[in-house]
Amino acid sequence: MKEKLLIIGASGHGKVVADIAKKMNKWENIAFLDDNLNTQSSNMEIVGETSYAFEHLREYDFFVGIGNNNIRLKIQDMLEANGASIPILIHPSAIIGEQVEINYGTVIMAGVVVNCCSKIGKGTIINTGSTIDHDNLVGDFVHISPGVHLAGAVKVGQESWLGIGSTVSNNISITHDCIVGAGAVVIKDLSEPGTYIGVPARRIING
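Residues numbered from 1 in each chain as written. Predicted model: local features only at pLDDT ≥ 70, side-chain atom pairs only at ≥ 80, totals over all residues. Heavy atoms only, no water.

If you check an unreviewed UniProt entry, the protein chain appears there as Acetyltransferase from Paenisporosarcina quisquiliarum.

Here it is as structure tokens:
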């Protein structure tokens with residue numbers, strides 16, 4: 001753990017990530033990297049563009065604060081390949097059960113509950129007020145939006161995005177690269193990539 005954390009991405013999601021990092025009280029200084037140096041980043045400094053990270057890999061911890069799953073994956077993969085130190089960020093109000101595995105580059109936001117024996121992949125967003133019940137397997141670079149509820153033994157594949165307020169019934173598998181629309185209810189396995197909406201969720205766009 002380094003004294004300074006640099007967050008890549010200074011827009012809305014990055015600001016929330018920075019707020020969580022501040023509340024964790026593990027870094028003396030937190031700043032942003034962003035390719036748009038004019039991005040409004042509240043009261044935190046933007047010290048350079050993304051390329052700055054690869055010039056200072058040994059000096060800082062780095063976290064990718066970008067909501068887009070694919071962009072987050074590409075940047076984090078480059079950081080990993082170059083030996084960067086990438087932490088896990090967990091809001092102090094989150095409740096994490098026993099035997100839960102959370103991988104680096106993942107952020108757990110305010111009010112989240114992750115129950116026992118679940119595994120959360122790397123570079124994943126578990127957003128505000130969402131719940132992950134027992135024995136879930138959430139893949140790498142997934143985005144679980146605010147207010148999403150996953151029942152027991154759910155599997156979510158890499159780079160899938162579950163929209164705000166969606167619900168997944170128990171023992172359901174969602175394959176990689178799925179988008180589940182806001183408020184959708186998933187009661188059957190989603191075995192093909194694509195966009196799913198409605199109650200119950202049905203596919204409207206192929207992956």
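Caption draft 1: Representation of the UniProt feature "site: Increases basicity of active site His" (unreviewed entry) in the protein chain in the model. UniProt annotation of "site: Increases basicity of active site His" (unreviewed entry) refers to Asp135 when read in the numbering used here. Residue placement: aspartate 135 occurs in the loop between strand 12 (131–132) and strand 13 (137–138). Sequence-distant contacts of aspartate 135, defined by excluding residues within four places in its chain, comprise Cys116, Cys117, Ser118, Ala153 and Val154. (UniProt positions renumbered as here; feature names shortened; annotations may be inferred. Helix = DSSP H or I, 4+ residues; strand = E, 2+ residues; numbered from the N terminus. Contact = heavy atoms within 4.5 Å.)

Caption draft 2: Representation of the UniProt feature "active site" (unreviewed entry) in the protein chain. UniProt's entry tags His134 with the feature "active site" (unreviewed entry), counted in the numbering of this structure. Examined against the element boundaries, histidine 134 turns out to sit in the loop between strand 12 and strand 13. Taking the relative accessible area as the measure of exposure, histidine 134 reaches 35% and is therefore partly exposed. If near-sequence neighbours (up to four positions away) are discounted, histidine 134 is found in contact with Asn115, Cys116, Ser118, Gly152 and Ala153. (Buried < 20%, exposed > 50% of the residue type's maximum accessible area, 1.4 Å probe, protein only.)

Caption draft 3: Local environment of the sheet that holds strand 14 (residues 143–144). Read from one edge to the other, the open sheet built from eight strands follows the order 5-8-11-14-17-20-22-23, with strand pairing classed as mixed. One side of each edge strand has no neighbouring strand; the edge strands of this open sheet are strand 5 (89–90) and strand 23 (202–206). (Pairing = 2+ DSSP bridges.)

Caption draft 4: Fine view of the packing of aromatic side chains. Scanning the entire structure with this criterion turns up two aromatic pairs. Between the aromatic rings of tyrosine 52 and tyrosine 60, the centroid separation amounts to 6.4 Å while the plane-to-plane angle is 20 degrees, which identifies the pairing as stacked. For tyrosine 60, a relative accessible area of 12% translates into the label buried. For the ring pair tyrosine 60 and phenylalanine 62, a centre distance of 6.2 Å and an interplane angle of 80 degrees mean the geometry is edge-to-face. There is no split in this pair, since tyrosine 60 and phenylalanine 62 are both buried. Through pairs of rings, three or more aromatic residues link up here, namely Tyr52, Tyr60 and Phe62. (Phe/Tyr/Trp six-rings, centres within 6.5 Å; stacked < 30°, edge-to-face > 60°.)

Caption draft 5: Fine view of the nonpolar core. Grouped together as the largest cluster of nonpolar side chains are 27 residues, with contacts concentrated most on Ile132, Ile144, Leu150, Leu162 and Val168. Aside from chain neighbours lying at most four places away, what touches isoleucine 144 is Ile125, Ile126, Asn127, Ser130, Ile132, Val138, Leu150 and Leu162. In this structure, Ala10, Val17, Phe63 and Leu89 belong to the second largest nonpolar core, which totals 18 residues. (Core = buried A, V, L, I, M, F, W, Y, C linked by side-chain atoms within 4.5 Å.)

Caption draft 6: Main features of unusual backbone geometry. In the segment running from valine 199 into proline 200, the intervening peptide bond is cis, with an omega of -5 degrees. Secondary-structure assignment places proline 200 in the loop between strand 22 (194–197) and strand 23.

Caption draft 7: View of the environment of alanine 84. The topology assignment puts alanine 84 in the loop between helix 2 (69–81) and strand 5. Taking relative accessible area as the criterion, alanine 84 reaches 14% and is therefore assigned buried. Considering only alpha carbons, one finds alanine 84 and phenylalanine 62, 22 residues apart in sequence, at a separation of 6.9 Å.

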